[in-house]
Amino acid sequence: MSTHKEVIRFTFDCPIELHTAAKMKASALKQSMKDYLIGLLAKDAVKNPPKLLDEKAFKKELKRILHDDAELMQKLSQV
């Protein structure tokens, strides 16, 4: 059995000012940016766990989102 955890590469664009602030915070905590950001994500996931939907609730939510999106697209096309 492998002792390695599965990982996924995660890249995104970030405003320079936010990057600088995060880098300074990570440095002050003697952490790498990677460890600092993973810690923030983990902390948020614990405090605000994702809402898991069963199949019926998922389909209902998807239908609502698609309906709202269709209405928005229709309004935008009329402009």
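Parameters at a glance
- Residues numbered from 1 in each chain as written.
- Predicted model: local features only at pLDDT ≥ 70, side-chain atom pairs only at ≥ 80, totals over all residues.
- Heavy atoms only, no water.
- Helix = DSSP H or I, 4+ residues; strand = E, 2+ residues; numbered from the N terminus.
- Rg over C-alpha atoms; globule rule 2.2 N^0.38 Å.
- Buried < 20%, exposed > 50% of the residue type's maximum accessible area, 1.4 Å probe, protein only.
- Areas by Shrake-Rupley, 256 points an atom, 1.4 Å probe, with all protein chains shown as cover.
- Lys, Arg positive; Asp, Glu negative; His and termini not counted.
- Charge placed at Lys NZ, Arg CZ, Asp CG, Glu CD.
- Salt bridge = Lys/Arg side-chain N within 4 Å of Asp/Glu carboxyl O.
- pLDDT = per-residue confidence, 0-100.

Caption draft 1: Representation of the overall build of the protein. A tally of helices and strands in the protein yields 3 helices and 0 strands. Seen in sequence order, the protein has helices and strands lined up from the N terminus as α-α-α. Rg of the C-alpha trace for the protein: 20 Å, well past the compact-globule value of 12 Å for 79 residues, more than 25% over. Here the C-alpha coordinates of the protein stretch approximately 50 × 45 × 25 Å along the principal axes. Burial status across the protein gives 5% buried among its 79 residues. Looking at the protein as shown, the accessible area adds up to about 8,200 Å², and 62% of this sits on carbon and sulfur atoms. Charge-centre separation for the protein: the mean point of 15 positive side chains lies 7 Å from the mean point of 11 negative side chains.

Caption draft 2: Focus on the pattern of salt bridges. This model, assessed by the stated rule, comprises 3 salt bridges. The shortest N-O distance in the salt bridge between Arg64 and Asp68 comes to 2.7 Å. Here the residue Arg64 and the residue Asp68 both occupy positions in helix α3 (residues 55-77), the gap between them amounting to 4 residues, near one helical turn. Bridged by salt links that share partners, the residues Glu61, Arg64 and Asp68 form one connected network.

Caption draft 3: Broad picture of the environment of Phe10. As for its placement among the helices and strands, Phe10 is situated in the segment before α1 (16-28). Assessed through its relative accessible area of 59%, Phe10 is described here as exposed. Note: C-alpha distance between Phe10 and Asp35 (25 residues apart in sequence) is 13 Å.

Caption draft 4: Broad picture of the confidence of the model for the protein. Chain-level pLDDT for the protein is 89 on average; 95% of the residues reach the 70-or-more range. At the level of individual helices and strands, the protein shows its lowest average pLDDT in α3, which scores 86, and its highest in α1, which scores 96.

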